[in-house]
Number of protein chains: 2
Amino acid sequence: MEYKKVAIIVAGGSGTRMQSAVPKQFLNLSGKPVLYHTIAAFATAFPDMEIVLVLPEAHFTFANDILSAFEHRPAVTLVKGGETRFHSVKNGLQQVTTPSVVFVHDGVRPLVSPTLIRHCYDTAISHGSAIPVVDMKDSIREIAGSNNAAVDRDRFKIIQTPQTFLSELILPAFELPYDPLFTDEATVVERLGHPVYLVAGEESNIKITKPLDLTIAEALLKDRQAIA
Amino acid sequence: MEYKKVAIIVAGGSGTRMQSAVPKQFLNLSGKPVLYHTIAAFATAFPDMEIVLVLPEAHFTFANDILSAFEHRPAVTLVKGGETRFHSVKNGLQQVTTPSVVFVHDGVRPLVSPTLIRHCYDTAISHGSAIPVVDMKDSIREIAGSNNAAVDRDRFKIIQTPQTFLSELILPAFELPYDPLFTDEATVVERLGHPVYLVAGEESNIKITKPLDLTIAEALLKDRQAIA
């Protein structure tokens, strides 16, 4: 079967919190907004990628400015964010009609590589889904009331995006009523009884949530350019 | 009771792995070796701190050079590292005789603050131990064979050092035979039936294990100096 490729890039819901100050996805990273890098990775991974950018309506102008900065403007549809991550993704999924591989990605993960995106695509085709994960590097303890105990970190993996699914899995899952236990797209798809398939993510595919993360991302970009 | 303060700073065992190339604790961080910063934090926290530096004998000359760089050379005893972390700490503990508060710290955590060290001291005095922890920021999944499931990251904390104990707890614990399940000092002390007490660590108290971590540490140091 021929699958379309649709990337749903989530860059903020309708909440007012995200609308104060400059949200992280619009901050400057090595000369371009964070979100520019994110969009560029998906546009580079597949020339026929369709991108759905989910963000507050108040940011549509910002987003259009970013798209205008591309030499070849990628195919991007702007969609309004919802009350929660679940609702934002659900809004984005309305753009998915024909059989597709759907990537759901955090707007604030600008360093995702086209290689990882293509690997998630191949895996979703063969296994239905692809959730990138990396090893846990820190020692951890489990807290239970006033008790705590060492746990083996090898039992756990850290989750990244793009969480990638065949549309035939993710579309029916997002018809479920919202549940606060839906912490990511994988938990929604699992609710319908589909196990998700893990793939190796990338250490450099970090989430930018605080100012220091931008500094780290700049260092990672510099490393990458030095290698290229 | 009057307690001495002893910091056991672990900077490599007897293994050959650590002796190839320049180990992370000797790399340059903002103009000084990583280990200089680590020692300085403990010397600053308490003027009467006794420092036991555990490292391969081949690195004693490096270590002495670092100590000579202090304007006021701190009281530091060099001790040979052992086969594992457990054996290295055990070697260091031979320097602890009178009742003490014992801090066991990773040499490659140079950004620990004197404030955190003093807080660990106070807590060990009142509760017997102090293990600094920070919240987990990433989403995680638990792996069980070919299955995996989302888990609530709020159940877990990330462990840092200095792991801090009254000598009356840590000395008898390190008389136990070595067990590969001893992943840190807390697990050793718990084996004798003493629960450990967690305290709030510091996001900036990172472990330097790869080149990028040095870049991050430099950015954190610059932030700190900008605030000071």
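Chemist: Let's hear about the interface of chain B and chain A: which residues, and what values?
Modeler: If you look at the interface, chain B gives 26 residues, while chain A gives 26 residues. Regarding the contact of chain B and chain A, the summed buried area is about 2,600 Å², with carbon and sulfur atoms giving 62% of it. Applying the counting criterion to the chain B and chain A interface returns 4 salt bridges. Residue Arg-155 of chain B pairs with Glu-142 of chain A through a salt bridge whose shortest N-O separation is 2.7 Å.

Chemist: Break down the packing of aromatic side chains for me, citing the residues and quoting the values.
Modeler: All names here are of chain A. Under the criterion given, the structure shown has 15 aromatic pairs over all chains. A ring pair is formed by Phe-26 and Phe-62, whose centres lie 4.8 Å apart and whose planes are at 50 degrees; its orientation type is tilted. Of this pair, Phe-26 sits in the loop between β1 (4–10) and β2 (28–29) while Phe-62 sits in helix α2 (residues 60–68); the two residues are 36 residues apart in sequence, bridging distant segments of the chain. With a relative accessible area of 41%, Phe-62 lands in the partly exposed category. Consider the rings of Phe-42 and Phe-103, whose centres lie 5.9 Å apart with planes at 70 degrees: the pair is edge-to-face. Here the residue Phe-42 occupies a position in helix α1 (residues 34–45), and Phe-103 occupies one in strand β6 (residues 100–106), the gap between them amounting to 61 residues.

Chemist: Can you lay out the environment of Gly-31 of chain A for me, pointing to particular residues and giving the numbers?
Modeler: Residue and element names in this part refer to chain A. In this structure, Gly-31 sits in the loop between β2 and β3 (32–33). The exposure class assigned to Gly-31 is exposed, which follows from its relative accessible area of 57%. C-alpha of Gly-31 to C-alpha of Glu-185: the two residues are 154 residues apart in sequence and 31 Å apart in space.

Chemist: With reference to specific residues and values, describe helix α7 (residues 211–227) of chain A.
Modeler: Taking 1.5 Å of rise per residue, the 17 residues of α7 of chain A would be expected to cover 24 Å, and the 25 Å separating its terminal C-alpha atoms lies within 8% of that figure. Taken residue by residue, α7 of chain A has Leu-212, Asp-213, Leu-214, Ile-216, Ala-217, Ala-219, Leu-220 and Leu-221 of chain A as its buried positions.

Chemist: Kindly report on the environment of Ala-40 of chain A, identifying the contributing residues and their values.
Modeler: Residues and elements named next belong to chain A. With respect to the element layout, Ala-40 can be found in helix α1. Taking the relative accessible area as the measure of exposure, Ala-40 reaches 19% and is therefore buried. Sequence separation of Ala-40 and Pro-114 is 74 residues, and the distance between their C-alpha atoms is 8.9 Å.

Chemist: Explain the pattern of salt bridges to me, using residue names and the numbers behind them.
Modeler: On inspection of all chains with the given rule, the structure shows 24 salt bridges over all chains. The salt bridge partner of Asp-48 of chain A is Lys-5 of chain A, with a shortest N-O separation of 3.0 Å. On the criterion of sequence distance, the pair formed by Asp-48 of chain A in the loop between α1 and β4 (50–55) and Lys-5 of chain A in strand β1 is long-range, its members being 43 residues apart. Relative accessible area serves as the criterion here: at 9%, Lys-5 of chain A is assigned to the buried category. Of the charged contacts, one joins Arg-85 of chain B and Asp-106 of chain B as a salt bridge, the two residues approaching to 2.5 Å between their closest N and O atoms. Residue Arg-85 of chain B is located in helix α3 (residues 85–93), and its partner Asp-106 of chain B is located in strand β6 (residues 100–106); the two are separated by 21 residues in the primary sequence. Each of Arg-85, Asp-106, Arg-109 and Glu-185 of chain A takes part in one network of salt bridges that share partners.

Chemist: Lay out the side chain of Asp-213 of chain B with the relevant residues and their values.
Modeler: All names here are of chain B. Checked against the element boundaries, Asp-213 lands in helix α7 (residues 211–227). By relative accessible area, Asp-213 is classed as buried at 7%. Ignoring any residue separated from it by four or fewer positions in sequence, one finds Asp-213 in contact with Ile-206, Lys-207 and Ile-208.

Chemist: Which residues make up the packing of helix α1 (residues 34–45) of chain B against helix α4 (residues 114–127) of chain B, and what values go with them?
Modeler: Residues and elements named next belong to chain B. Orientation of α1 relative to α4, taken along the N-to-C sense of each, is 55 degrees, at an axis distance of 8 Å. Here α4 runs oblique to α1, going by the angle between their axes. As for the relative orientation of α1 and α4, their crossing is right-handed in sense. Contacts from Ala-41, Phe-42, Thr-44 and Ala-45 in α1 reach Pro-114, Ile-117 and Arg-118 in α4.

Chemist: Break down α1 of chain A for me, citing the residues and quoting the values.
Modeler: All names here are of chain A. For α1, with 12 residues, the first-to-last C-alpha span of 17 Å sits near the 16 Å given by 1.5 Å per residue. The element α1 is largely enclosed, with a buried count of 10 among its 12 residues. For α1, the complete set of buried residues consists of Val-34, Leu-35, Tyr-36, His-37, Thr-38, Ile-39, Ala-40, Ala-41, Phe-42 and Ala-45.

Rules used throughout
Residues numbered from 1 in each chain as written. Chains lettered and ligands numbered in written order. Predicted model: local features only at pLDDT ≥ 70, side-chain atom pairs only at ≥ 80, totals over all residues. Heavy atoms only, no water. Contact = heavy atoms within 4.5 Å. Buried area = accessible area lost by both parts, 1.4 Å probe. Salt bridge = Lys/Arg side-chain N within 4 Å of Asp/Glu carboxyl O. Phe/Tyr/Trp six-rings, centres within 6.5 Å; stacked < 30°, edge-to-face > 60°. Helix = DSSP H or I, 4+ residues; strand = E, 2+ residues; numbered from the N terminus. Buried < 20%, exposed > 50% of the residue type's maximum accessible area, 1.4 Å probe, protein only. Expected span 1.5 Å × (residues − 1). Axes fitted to C-alpha atoms, helices over the stretch in contact; angles between N-to-C directions. Parallel < 35°, antiparallel > 145°, perpendicular 65-115°, else oblique. Left-handed = near helix turned anticlockwise from the far one by under 90°.

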